[in-house]
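# Working through the structure, step by step
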Amino acid sequence: MIDTLRARVEALLPWVDRPARYIGGEFNSVTKDPAGKLRFAFCFPDVYEIGQSHMGGVILYHLLNEQEGIFCERAFLPWVDMEQAMRREAIPWFTLETCSPVKEMDIVGFTLPYEMLYTNVVNGLDLAGIPLHRWERSEGDPIVIAGGPGTYNPEPVSDFIDLFVIGEAEELVLEICSVVARKDISRAEKLELLSRVQGCYVPATVEVKWREDGSIDAFQSQVPLPVMKRIVADVDKAYFPTKPLVPFLQVVHDRANLEVHRGCVHGCRYCQAGMLYRPQREKSLETLTRQGEEVIRNTGFQEIGLSSLNTPDNTQLVPLIKNLTKAFEEKKVAVGLPSLRVDSFSVGLADSLNKAKKTQITLAPEAGSQRLRDIINKNISEEQILNTVKSVLDAGWREMKLYFMLGLPGETDDDLVEMAELFKKIVALSKGYPGRGLFITTTLSSFVPKPHTPFQFVKQFPRDVLERRIRILRERVDPHRVKLRWREFELGELEAIFSLGGRELGKVVERAWRLGCKFDGWSDHFKYDLWMQAFQECGIDSGRYCYTDKTAETIFPWEVVSCGVDKDWLWRDLQAAWNRKSIPNCFFDKCSDCGVNETFDC
Ligand code: SF4
């Protein structure tokens, strides 16, 4: 069966774009004899180039494959040309390692990095021939699990997933595998057993009670709620693959990755990752240096990225860069900083790493006015921004990328006028420097209220308001100096709906997929009209999710799970936002008692 399927897949490859997406066999990939092993398919609901860049997936793949009794294979969603060919030839979704049908695995594990991949999950299940709904699956079907940040509101996809992994999966996945591998209990018994394990959310154990207006009245559960996340307490001892797979194709992050710490405690109020991954946990300098050296030795990459939510926060960063630069002196391996803080220290670091090549530097002030930066708890002043720009210019950069958000809570038209003023000040600063002056590319992303953040209670601005604010900005900036870019506002609206919605949205996801929606995160494939048709056909008013404010009493669909941060604290922090009060960084300053310390060591 395996060879036959591989031959049939190979016959399609000359006719599709980027056939290397579908062949596997990369350097450091793993093959095993599947006989007698628990078979795990790590499934990413997007194409290879995106999925293979996902650090969490790389960790899980190698961790699982280091276990003798487990064989983990990968499956990425085929691009539309390959999917068409597969459906035409009745070829099911297959794994890269052995070209086995995904349906034959014991566990099918999806990663859910963000909401706009939900139709791809349904598409993947269908292409695999796995019953779409969890209640339709029986003994011979794989157990379908999902992890990643999207699981912090698992409800919109809870029709399709048997079990959600809440938190850091490497802490939990082997426990799940040991239960699924048991031959003496049924599928239902395995799920029942796992529903009692911290970090496992099994939607079948929870019933939602609704009010007449469609809001949630209560959860009736067979297990204590909320399901608390699991985290790796000691990241220094955590598993880290120092022999990671090296893709054939150029992937989104085409370099070695060294995660320097977990968590970020700046407390930006729009940022979900900052709330989900608390507390901040660092690896030691010794561990980081050893892992960095090994990963380069074992892969041959010419660049190593020091990744985290906010790398310049790391207390070991300067000696680490020194150690790695020295170790890689002969091989000329570049050390990269993926995310930069808006401060001169970060620019100085980036400068020391990019002495020769000054292409583009990226900074994220997020809001153009001081008032708005106070509301979102972005503790930077205009003076600091301009000083950072001065450091950028002193170091020789002439191209700069700036990230801003549009439609932030409390935003008014005046904030956009102030943003335009800020651009003018930045451009004026560059006039005293030699060369052709500074060119700024600005990306504006529309604000999406995210679960487990203080802004989960706040509605979005309607699209016509956002359009007006873009016009305000365009009328005021010099297009020869500032290039403005923004994502479709409809995409931000859908993202908010699925961030905030409950399990009633499962039927909308399915209907939208049946109407032809998939790869919704790719703007050329996003079909807003079909989504609106799906809402209408399902009798659901999409506007009630994103265009209404919520209160402290609102019961949110995601209250079935917890990242440790208290809802009361989030509400209080929102009131602090309206009063422009900042909260301290709890790693360097003082604890603001967000609730995480009740379950985890901070
Ligand atoms: S409890 Fe305090 S130290 Fe721990 S994450 Fe929350 S604010 Fe930070």
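Scoring rules and cut-offs
Residues numbered from 1 in each chain as written. Predicted model: local features only at pLDDT ≥ 70, side-chain atom pairs only at ≥ 80, totals over all residues. Heavy atoms only, no water. Helix = DSSP H or I, 4+ residues; strand = E, 2+ residues; numbered from the N terminus. Rg over C-alpha atoms; globule rule 2.2 N^0.38 Å. Buried < 20%, exposed > 50% of the residue type's maximum accessible area, 1.4 Å probe, protein only. Contact = heavy atoms within 4.5 Å. Areas by Shrake-Rupley, 256 points an atom, 1.4 Å probe, with all protein chains shown as cover. Lys, Arg positive; Asp, Glu negative; His and termini not counted. Charge placed at Lys NZ, Arg CZ, Asp CG, Glu CD. Near = heavy atom within 4 Å. Nonpolar A, V, L, I, M, F, W, Y, C, P; charged D, E, K, R; others polar. Domains from an automatic or database assignment. Buried area = accessible area lost by both parts, 1.4 Å probe. Salt bridge = Lys/Arg side-chain N within 4 Å of Asp/Glu carboxyl O. Polar contact = N/O pair within 3.5 Å; in protein donor to acceptor, adjacent residues only side chain to side chain. Pairing = 2+ DSSP bridges. Axes fitted to C-alpha atoms, helices over the stretch in contact; angles between N-to-C directions. Phe/Tyr/Trp six-rings, centres within 6.5 Å; stacked < 30°, edge-to-face > 60°. Core = buried A, V, L, I, M, F, W, Y, C linked by side-chain atoms within 4.5 Å. Parallel < 35°, antiparallel > 145°, perpendicular 65-115°, else oblique. Left-handed = near helix turned anticlockwise from the far one by under 90°. 1 Å grid on protein atoms, 1.4 Å probe; cavity = no way out; pocket = protein on both sides within 12 Å on 5 of 7 lines; lining within 4 Å. Points joined across faces, edges and corners; volume = space filled by probe spheres on them.

The helix and strand tally for the protein chain stands at 20 helices and 19 strands. Compactness check: the protein chain gives a C-alpha radius of gyration of 24 Å against a globular reference of 25 Å for 602 residues, within 12% of the reference. Considering the protein chain as a whole, with its 602 residues, one finds that 59% of them fall into the buried category. Considering only residue pairs separated by 6 or more positions, the protein chain has 78% of its internal contacts joining residues 24 or more positions apart. Here the protein chain displays about 24500 Å² of accessible surface, and carbon together with sulfur accounts for 50% of that area. Side-chain charges of the protein chain comprise 75 positive and 86 negative groups, with the mean position of each set lying 4 Å from the other.

So, on to the site of the ligand. Around the ligand, the structure places Arg278, Cys586, Cys591, Ser592, Asp593, Cys594, Val596, Asn597 and Cys602. A per-class count over the shell around the ligand returns 5 nonpolar, 2 polar and 2 charged.

This paragraph deals with the domain arrangement of the protein chain. With domains assigned, the protein chain is organised as domain 1 (2-228) and domain 2 (256-486 + 564-578). For domain 1 and domain 2, the distance between their C-alpha centres works out to 33 Å. Tallying the contact residues gives 11 residues for domain 1 and 13 residues for domain 2. For the pair domain 1 and domain 2, the summed buried surface comes to about 1000 Å²; carbon and sulfur atoms form 47% of the total. Counting the surface domain 1 buries against domain 2, the share from its top three residues, Met55, Tyr152 and Glu168, is 51%. Summed over the shared surface of domain 1 and domain 2, the result is 4 salt bridges. With a closest N to O distance of 2.9 Å, Lys450 and Glu115 form a salt bridge. Our enumeration of links across domain 1 and domain 2 arrives at 6 residue pairs in polar contact (both at pLDDT 80 or more). A breakdown of the residues in the side of domain 1 that touches domain 2 according to their chemical character gives 6 nonpolar, 2 polar and 3 charged.

Another point: the sheet that holds strand β2 (residues 70-76). Reading across from one edge, β2-β1-β3-β4-β5-β6 is the order of the 6 strands in this open sheet, with mixed pairing throughout. Every other strand in the sheet has two partners, leaving β2 and β6 (200-201) as the edge strands with one partner each. For strand β5 (residues 163-165) and β6, the ladder comprises 2 bridges, and the chain directions are antiparallel. For Val165, the partnering residue across the bridge sits in β6 and is Cys200. Contacting β4 (143-147), β5 and β6, helix α7 (residues 187-194) crosses the sheet at an angle of about 25° to β4.

The next thing to look at is the packing of aromatic side chains. This structure, assessed with the given rule, holds 16 aromatic pairs. Here Trp79 and Trp522 contribute two aromatic rings whose centre-to-centre distance is 4.8 Å and whose plane-to-plane angle is 50°, an arrangement assigned as tilted. Highlighted residues: Trp79 in the loop between β2 and α4 (80-88) and Trp522 in the loop between α17 (506-515) and α18 (528-537), separated in sequence by 443 residues. Trp79 gets classed as buried once you look at its relative accessible area, which sits at 14%. Residues Phe447 and Phe455 carry aromatic rings whose centres are separated by 5.8 Å and whose planes lie at 85° to one another, so their mutual orientation is edge-to-face.

Ranked by internal contacts, the top residues of the largest apolar core, which has 133 residues, are Phe94, Phe110 and Phe498. Judged by nonpolar contacts, the second largest core, of 36 residues, contains Ile361, Leu363, Leu393 and Ile440.

Each packed pair of helices is defined by two parameters, the angle between the axes and the distance between the axes. Contact geometry for helix α5 (residues 118-128) and α17: axes closest at 9 Å, N-to-C directions at 70°. The angle between the axes of α5 and α17 places the two elements in the roughly perpendicular class. When you trace α5 past α17, the crossing you get is right-handed. On α17, the residues that touch Tyr118, Thr119, Val122, Asn123 and Asp126 of α5 are Val509, Ala512 and Trp513. For the contact of α5 with α17, the per-class residue count stands at 5 nonpolar, 2 polar and 1 charged.

Applying the stated criterion across every chain, the model contains 6 cavities of 30 Å³ or more. Each pocket or cavity is described by its volume, and for the largest cavity that value is around 190 Å³. Lining the largest cavity are 17 residues, and of these Val58, Pro244, Leu245, Arg255 and Asn257 sit closest to its centre. Of all the secondary structure elements, the ones that give two or more residues to the lining of the largest cavity are α3 (55-65) and β10 (256-259). Broken down by class, the residue content of the lining of the largest cavity amounts to 11 nonpolar, 4 polar and 2 charged. In this structure, the lining of the largest cavity is formed jointly by two domains, domain 1 (2-228) and domain 2 (256-486 + 564-578), each of which donates at least three residues.

Ordered by their spatial adjacency, 4 strands build an open sheet running β15-β16-β17-β18, and the pairing between neighbours is parallel. Across the chains shown, the open sheet's two edge strands, defined by having one partner strand only, are β15 (361-366) and β18 (482-486). This sheet shows a mean twist of 20° between the axes of neighbouring strands, independent of strand direction. Bridge analysis of strand β17 (residues 439-446) against β18 gives 5 bridges, and the strand direction is parallel. If you follow Thr441 over to β18, its bridge partner there is Lys483. Together, β16 (399-406), β17 and β18 form the strand contacts of helix α14 (residues 413-430), whose direction differs from that of β16 by roughly 170°. Here helix α15 (residues 463-476) sits on the sheet in contact with β16, β17 and β18, set at roughly 170° to β18.

The next subject is the side chain of Ser158. Mapped onto the fold, Ser158 is located in the loop between β4 and β5. A distance of 2.8 Å separates a polar side-chain atom of Ser158 from the backbone oxygen of Glu155. Beyond its immediate stretch of four places on either side in the chain, Ser158 contacts Arg134, Phe164, Pro203 and Arg503.

This next bit is on unusual backbone geometry. Outside of glycine, negative phi angles account for most residues, and trans bonds account for most peptide bonds. For the peptide bond that leads from Leu225 to Pro226, omega is -5°, which places it in the cis range. The omega torsion of the bond from Arg278 to Pro279 falls at -10°, within 30 degrees of zero and hence cis. Note on placement: Pro279 falls in the loop between α8 (272-276) and β12 (281-282). One non-glycine residue, Cys99, adopts positive backbone phi at about 55°. Residue placement: Cys99 occurs in the loop between α4 and β3 (107-111). Its identity as a non-glycine residue notwithstanding, Arg580 has a phi of 60°, on the positive side. Among the secondary structure elements, Arg580 is positioned in the segment after α20 (567-578).

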